[in-house]
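Residue-level structural notes
Spelled out, the chains give:
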Amino acid sequence: CVLLSGVPLMRLLLLSTALAGVAAQSSPFPSINQTGTLELGVPKLGFSEPGSPSFFTVPFNASRQLQLYLTPLSGNVDLYVSAVDPKPKGDEWSGGSSDFSTHLYTSDKAGLEADSVTIEARALCGDAGACPEEVHVGVVSSPLAVAAALFQLTATQLDTDSSASSGTAVTLSAGLPLDGSLAETEEAHYMFVVPNASDDTVLTLTVITAGDPDLYVSVGPALSDPAEQQVWPTATSGARWSGNAFGGERLLVPAAELREEAAGSCEQPSGCALFLSVVAYSQTGYELLAEQKSAEHPTVLRANRPASKQLEADGWAFFDYPVLANATGVLLTLTSLSGDADLFASWSQARPGIGSLSDDTYMSQSTEAVDIIRIEAGGDDWPTSLPAKLHVGVQAYGAAAEFTLLGAEPGGTAATVLSAGQPLVAELRGGDWLWYSFTPAAEGVGAITFTLTPLSGDPDLYISQEPTFSASERWTCAEPLFGAPTCAASLEAAGATDQVVFLPGDPLYCTACTYRVLVAAATYTSFSILAQVGSVPGGGSVLGGGGKGGGGGGTDDAPVTALLPNIPTRGSVSANEYSFYRVPVSSTNRSLTVRLTSLSGDPDLYASFSELRPTEHTAEFHSGELGDDALFLSHYDPRFCNGTREGDAGCSLHLGVGGYMVNASYSLAVSFGEESKLSLISGQPQEGSLEAHAWQYYTIALG
């Protein structure tokens, strides 16, 4: 039994003694390419190694703009485009030119940030109108990369005199995520040919950088070319399913509704398809994923990119995690936002955890919030050749569960992408560090806040805008030696929360850049890290309040932060404003308690199972005591989960924290059932109350 922040983590590792039949195939993912011609609107799955770039060609239409989008699935790759060099950004091994003058377009964002370029005809055709028939594309592993990379490359065309709404539609494949970016009011179109019309389809639109994309979906006969689709769904017409909440969207398309709406087309030889419109309410970067609930097509788990899912009681989700050349190992971290999800992995078993276990199966079945599997490169169970595919299974044990799953390389330099309001849990060995990245991406977001909550040990927090910021430079963050600071740090004592807040006007404040975040520890530690946008006391709330873009006042589109069970979150709120949170509730058979501990001022607590952003006027439950507040919500209450009692599907509890009269700071925690153990954070009090003969249990980290 391993202690993780006072959380018992039972880790049963069944190591194989023989690897016969386990060695990786040379191409573990289908249709993998290092050369070829790009078909407009059809993503091409590609592979690149250091010193061995991938090269493609794409037809060029002088009457339209050409847009290229590179979605990294693992590793760090850069995008180069040329009209004259067949191997742009080639080197002495590939035989291409290294003369930058031949590369008309370059995109070399760090880590798992998507690269994209848009090429206008006049840039290639010149005044004489001598246009090339094709454009050459090079996908090259970053000069700093030591590992191979897996990616999807997509080419689309846009009319030169109209918006992105008239661009090439893109074909989605089940389980393969695609990145996209849109300016305000722009839209992008996708077609998903449904593999199995008898299975439910899940569409997930995840915000990668701050913004608000909306999703509209219709159904019809599958087309050989999605450009043949004449009418795309919008907010006002044609949409059978839609999601327009603030932030990301998750749409379930039930099989019965799909077949009814398709009017027989699903039974035709060509099958039926879902037609999707992603519309940007504000500038945004996003990931779009189409899956089917039976998981016939496992989802590709992107390295350093958290995947979030919801499962019914005893349901399963399956993933394939690419392990490429020079990898130092695999670190899988499963965080249960609600319920009790268990983690399984195998090199040979496509659905690990189902049926009998293979000799190379790994399991982590903690009863608490975090499960971790660590596989070191070079061990007896490590594949004899790379690239390889690690199969991963997640089960919701006994009740519904919502979780995030993260795959990463232990000790690697790649940064895990943080999404605003979504906490991540991780662990570090002594002397190690982990990298994260966060891109606010939109103007007017207000304060940018990073919070590091220790669950055990003493992690420290360092933040910089510099893309080359390294671990060795972190010592200069606390006290800059020369001139303006290039990084910031929070080095609180063991067990205490570290927090860095950037306000408009601060030297390190920016909304169009990417922050590089380092968490380091001298001894073993586990922690939760959270990035947020919003306003601040004296001008708004650290954790929300305010409408789109922050700024206070309205609440309809204010940011919402997810809460982890039993882990307190520290926050602030301005006078007469609100901060909002979401608590996934996995079971209608367990009561829950919400505790609001005042650190300054007089915050009040509001809750609802129906209102997404409960306030004084809309809350179903309210506690407005002077000082600390608490709400005990009994599962016998007819309002619990809106009265849902069918099965054990669960729901979401929505919380609002209001600043009564003056600015306030607080600690907020939620726990389920009578046996829950609440984590204590050093120097951060927690409200509590008990009936006669009742108990409350706590854990405390000893650094």
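Residues numbered from 1 in each chain as written. Predicted model: local features only at pLDDT ≥ 70, side-chain atom pairs only at ≥ 80, totals over all residues. Heavy atoms only, no water.

Here the focus is the overall build of the protein chain. On a plain count of helices and strands, the protein chain comes out with 2 helices and 50 strands. Taken across its 703 residues, the protein chain has 59% of its residues classed as buried. The contacts in the protein chain between residues at least 6 apart in sequence include a share of 75% that link residues at least 24 apart. Here the protein chain has roughly 27500 Å² of accessible surface; of this, 51% comes from carbon and sulfur atoms. (Helix = DSSP H or I, 4+ residues; strand = E, 2+ residues; numbered from the N terminus. Buried < 20%, exposed > 50% of the residue type's maximum accessible area, 1.4 Å probe, protein only. Contact = heavy atoms within 4.5 Å. Areas by Shrake-Rupley, 256 points an atom, 1.4 Å probe, with all protein chains shown as cover.)

Summed over all chains, the structure comprises 13 salt bridges. Where R240 meets E257, a salt bridge forms, and the shortest distance between an N and an O atom there is 3.3 Å. Taken together, the residues R240 in the loop between β17 (212-221) and β18 (241-243) and E257 in helix α2 (residues 255-262) connect sequence positions 17 residues apart. Classification of R240 as partly exposed rests on a relative accessible area of 34%. Overall, the relative accessible area of 28% leaves E257 in the partly exposed class. Each of D179, E287, R302 and R305 takes part in a single network of salt bridges with overlapping partners. (Salt bridge = Lys/Arg side-chain N within 4 Å of Asp/Glu carboxyl O.)

Here F527 is to be found in strand β39 (residues 525-534). Residue classification places F527 among the buried positions, given a relative accessible area of 0%. For the pair F527 and L428, spaced 99 residues apart in the sequence, the C-alpha separation amounts to 8.6 Å. Excluding its chain neighbours within four sequence positions, the residues that come into contact with F527 are L424, V425, A426, L428, L434, Y436, L452, T453, P454, L455, P459 and V519.

Among the secondary structure elements, S623 is positioned in strand β45 (residues 621-623). At 2.8 Å, the side chain of S623 forms a polar contact with the side chain of D629. With sequence-adjacent residues up to four places away left out, S623 is seen in contact with D604, L605, D629, A630 and L631. (Polar contact = N/O pair within 3.5 Å; in protein donor to acceptor, adjacent residues only side chain to side chain.)

Considering all chains together, one arrives at 15 aromatic pairs under this definition. A centroid spacing of 5.6 Å and a plane angle of 75° characterise the contact between W232 and F275, whose relative ring orientation is edge-to-face. Residue W232 is located in the loop between β17 and β18, and its partner F275 is located in strand β20 (residues 272-282); the two are separated by 43 residues in the primary sequence. Classification of W232 by relative accessible area gives buried; the value is 12%. (Phe/Tyr/Trp six-rings, centres within 6.5 Å; stacked < 30°, edge-to-face > 60°.)

Turning next to the sheet that holds strand β25 (residues 329-338). Here we have 4 strands laid out as an open sheet, ordered β23-β30-β25-β28, and antiparallel in their pairing. Strands with a single pairing partner mark the edges of an open sheet, and in this sheet they are β23 (307-311) and β28 (370-376). On average, each strand axis in the sheet is inclined to that of its neighbour by 15°, with strand direction left out of account. Taken together, the 7 bridges between β25 and strand β30 (residues 401-408) define a ladder with antiparallel strand orientation. Across the sheet, residue L332 finds its bridge partner in β30, namely G407. (Pairing = 2+ DSSP bridges. Axes fitted to C-alpha atoms, helices over the stretch in contact; angles between N-to-C directions.)

Another aspect to go through is the state of the cysteines. In total, this model carries 4 disulfides according to the counting rule given. Two residues, C266 and C272, share a disulfide whose sulfurs are 2.1 Å apart. Here C266 and C272 share a disulfide; its torsion about the S-S bond, 90°, makes the bridge right-handed. Just as C266 is buried, C272 falls in that class too. (Disulfide = S-S within 2.5 Å.)

A few words on the confidence of the model for the protein chain. In the predicted model, the protein chain carries a mean pLDDT of 79, and the fraction of residues at 70 or more is 82%. Taken as a whole, residues 1-27 scores under 50 in pLDDT and shows 67 contacts with residues more than four places along the chain or in a different chain. Of the regions scoring below 50 in pLDDT, residues 537-553 engages in 73 contacts with residues more than four places distant in sequence or in other chains. (pLDDT = per-residue confidence, 0-100.)

This part covers the pairing of strand β37 (residues 498-502). Of the two faces of β37, only the one carrying D498, V500 and F502 is buried; Q499 and V501 on the other face are not. With 5 bridges connecting them, strand β34 (residues 447-456) and β37 associate as antiparallel partners. Bridge pairing in β37 places T451 opposite Q499.

Residues A255, L258 and A262 constitute the buried set of α2. Considered in projection along α2, the buried side chains sweep an arc of 60° and stay on one side of the axis. Facing away from the buried side of α2, by more than 90 degrees, are the exposed residues A256 and E260. Considering only its buried residues, α2 is in contact with β17, β18, β19 (249-253) and β20. A positive phi of about 55° marks A263, the residue just after α2. (Arc of directions from axis to C-beta.)

Y190, L203, L258, L274 and L276 are the most contacted members of the largest nonpolar core, which totals 29 residues. Leaving out residues up to four positions away in the same chain, Y190 has contacts with V170, L172, L178, W232, L274, F275, L276, V278, Y286 and L288. V330, L332, A396 and A401 belong to the second largest nonpolar core, which has 28 residues in total. (Core = buried A, V, L, I, M, F, W, Y, C linked by side-chain atoms within 4.5 Å.)

With antiparallel pairing, 4 strands are arranged side by side in an open sheet as β14-β21-β16-β19. Strands with a single pairing partner mark the edges of an open sheet, and in this sheet they are β14 (178-182) and β19. Between one strand axis and the next, the sheet turns by 20° as a mean value, whatever way the strands run. When strand β16 (residues 201-209) meets strand β21 (residues 284-292), the two strands line up antiparallel, connected through 8 bridges. Within β21, the position partnered with L205 by the bridge is L288.

Here we take up the pairing of strand β29 (residues 388-396). β29 sits mainly inside the fold: 9 of its 9 residues count as buried. Burial along β29 is two-sided: the residues A388, L390, V392, V394 and A396 and K389, H391, G393 and Q395 are all buried. With 8 bridges joining them, strand β24 (residues 316-323) and β29 adopt antiparallel strand pairing. Bridged to F319 within β29 is V392. The pairing of strand β26 (residues 341-346) with β29 spans 6 bridges and is antiparallel. Within β29, the residue paired with F344 across the bridge is G393.

A few words now on unusual backbone geometry. With an omega of 10°, the peptide bond running from L386 to P387 counts as cis. Among the secondary structure elements, P387 is positioned in the loop between β28 and β29. One non-glycine residue, D314, lies in positive phi territory at about 65°. Inspection of the secondary structure assignment puts D314 in the loop between β23 and β24. Residue classification places D314 among the partly exposed residues on the basis of a relative accessible area of 44%. With phi around 65°, N576 is a residue other than glycine that occupies positive phi space. Mapped onto the secondary structure, N576 falls in the loop between β41 (569-573) and β42 (578-585). The class of N576 is exposed, set by a relative accessible area of 58%.

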